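As a plain string of letters, each chain reads:
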Amino acid sequence: MLLIEVGLKVTDAISLLFFCSSYDVDVFLFYVMTKVDNHGCHLVGYFSKVKESVENYNVACILTLPPYQQQGYGKMMIQLSK
């Protein structure tokens, strides 16, 4: 399992491009979770969090891709975000 903090230079993800073009993203950190096997590295999901949350929230947005849902990855990302 690999968790990577992603800078705002990620431009090939359509949802991130839409998000970045619509909102100020300087206040967010983006993380990507991947699964590595014999065939390579596969995107499992991602989450974002506010750099400094007054309300002490740990996740702003979370997504687990359909092939990896119901396998505990979402819960794992929430735990890792704390």
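Please refer to the structure higher up on the page.
Residues numbered from 1 in each chain as written. Predicted model: local features only at pLDDT ≥ 70, side-chain atom pairs only at ≥ 80, totals over all residues. Heavy atoms only, no water.

1. Here we look at the nonpolar core
Selection rule: In this text, buried Ala, Val, Leu, Ile, Met, Phe, Trp, Tyr and Cys residues form a nonpolar core when linked through side-chain atoms within 4.5 Å. Each residue is placed in one exposure class: buried if its accessible area under a 1.4 Å probe, protein chains only, is under 20% of its type's maximum, exposed if it is over 50%, and partly exposed if it falls in between. Helix numbers and strand numbers start at the N terminus; a helix is a DSSP run of H or I with at least 4 residues, a strand a run of E with at least 2.
Of all hydrophobic cores here, the largest spans seven residues; its members are Tyr31, Met33, Val44, Phe47, Tyr68, Tyr73 and Met77. Elements that contribute at least two residues to this core include exactly strand S2 (28-37), strand S3 (40-50) and helix H2 (73-80).

2. Notes on the packing of aromatic side chains
Here is the rule: Under the pairing criterion, centres of Phe, Tyr and Trp rings, with the six-membered ring standing for Trp, must be within 6.5 Å; the plane angle then separates stacked pairs below 30 degrees from edge-to-face pairs above 60, leaving the rest tilted.
All told, the structure shown has three aromatic pairs when counted by the stated rule. Ring geometry for Phe28 and Phe30: centres 6.3 Å apart, planes at 45 degrees, overall tilted. A residue is classified by how much of its surface remains accessible, and Phe28, at 17% relative accessible area, is buried. Using a relative accessible area of 7% as the deciding quantity, one classes Phe30 as buried. When the ring of Tyr31 is compared with that of Phe47, the centres are 4.9 Å apart and the planes differ by 15 degrees; the resulting orientation is stacked. Within this pair, whereas Tyr31 is found in strand S2, its partner Phe47 is found in strand S3, the two being separated by 16 residues in sequence. For the pair Tyr31 and Phe47, a shared accessibility class is recorded, and that class is buried.

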